[in-house]
Amino acid sequence: MTRSMGGDIFGMLVVGLGAAAFLFAALHAARKAGLAPPRWMMPAGIGAAMLVFTIWNEYTWFPRVRDQLPDRVRIIETGQGGKAWRPWAFVFPLTTRFVALEPLAAAPEDEGVLRVRILLIERWQPTRFVTLDLDCAGARQRMVAADGTTLDWERVGEDEPVLQAACTREEETA
């Protein structure tokens, strides 16, 4: 689902090579036509193409990943922010991580309890999963370990995003 940073760097380099080929042909044609384009146009054009691609790639990451998710998965929260190496993100925030909910089924042997998987998806990081049992009526949740054992119930507020998303979806399908 997520690509590595190396894949993004490779894509940026391919764009730079494509821009170099295009600019080489365009500047060569301009010289043949009697124009004298400045020598800085080639490196500036390549750099601009790579920068534009990188910014486009950053801002379209979330919509591209979101569109790959199955219809049953619901986005609960998103995280935005800037970094020193992308200062434009302080002015125009971009989504770098999000939390999604995937309903699994009714929890085994528990009437009225839903089992859901929480997906923690972050740019350039492996996706992490947390399985929860949710008691919509009692506003409670409990974690489910990888071996299927469950921890103790804990109360959560009715405004808890995971509880709202799962229980709202359950009411819509009922």
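Our subject is the structure listed above.
Everything numeric here is computed off the predicted structure, so don't read it as measured data.

Here we take up the layout of surface pockets. Estimated volume of the largest pocket: approximately 240 Å³. Of all the secondary-structure elements, those providing two or more residues to the lining of the largest pocket are helix 1 (5-32) and helix 2 (41-68). Within the lining of the largest pocket, the residues separate by chemical class into 7 nonpolar, 2 polar and 4 charged. Estimates place the volume of the second largest pocket at around 200 Å³. Forming the walls of the second largest pocket are Gln80, Gly81, Gly82, Lys83, Trp85, Arg86, Thr96, Arg97, Glu122, Arg123, Trp124 and Gln125. Its residues assigned to classes, the lining of the second largest pocket shows 2 nonpolar, 5 polar and 5 charged.

Here we come to a nonpolar patch on the surface. Together, Met5, Ile9 and Leu13 make up an exposed nonpolar region whose accessible area comes to about 270 Å². Relative to the assigned elements, Ile9 resides in helix 1. Taking the relative accessible area as the measure of exposure, Ile9 reaches 42% and is therefore partly exposed.

Moving on to the pairing of strand 4 (residues 128-135). In the sheet, strand 3 (residues 113-122) pairs with strand 4 via 8 bridges, with the strands oriented antiparallel. Residue pairing for strand 4: Leu114 is matched across the bridge by Leu134. From the end of strand 3 to the start of strand 4, which pair antiparallel, there are 5 residues, and Trp124 there has a positive phi angle of about 60°. Judged from the 5 bridges that link them, strand 4 and strand 5 (residues 140-144) form a sheet pairing that is antiparallel. The partner of Leu132 across the bridge, within strand 5, is Met143. Counting the residues in the hairpin turn of strand 4 and strand 5 gives 4 residues, including Ala139, whose phi is positive at 50°.

What counts and what doesn't
Residues numbered from 1 in each chain as written. Predicted model: local features only at pLDDT ≥ 70, side-chain atom pairs only at ≥ 80, totals over all residues. Heavy atoms only, no water. 1 Å grid on protein atoms, 1.4 Å probe; cavity = no way out; pocket = protein on both sides within 12 Å on 5 of 7 lines; lining within 4 Å. Points joined across faces, edges and corners; volume = space filled by probe spheres on them. Helix = DSSP H or I, 4+ residues; strand = E, 2+ residues; numbered from the N terminus. Nonpolar A, V, L, I, M, F, W, Y, C, P; charged D, E, K, R; others polar. Patch = residues over 30% accessible without salt bridge, like charges linked within 9 Å, V, L, I, M, F, W, Y side chains within 5 Å. Areas by Shrake-Rupley, 256 points an atom, 1.4 Å probe, with all protein chains shown as cover. Salt bridge = Lys/Arg side-chain N within 4 Å of Asp/Glu carboxyl O. Buried < 20%, exposed > 50% of the residue type's maximum accessible area, 1.4 Å probe, protein only. Pairing = 2+ DSSP bridges.

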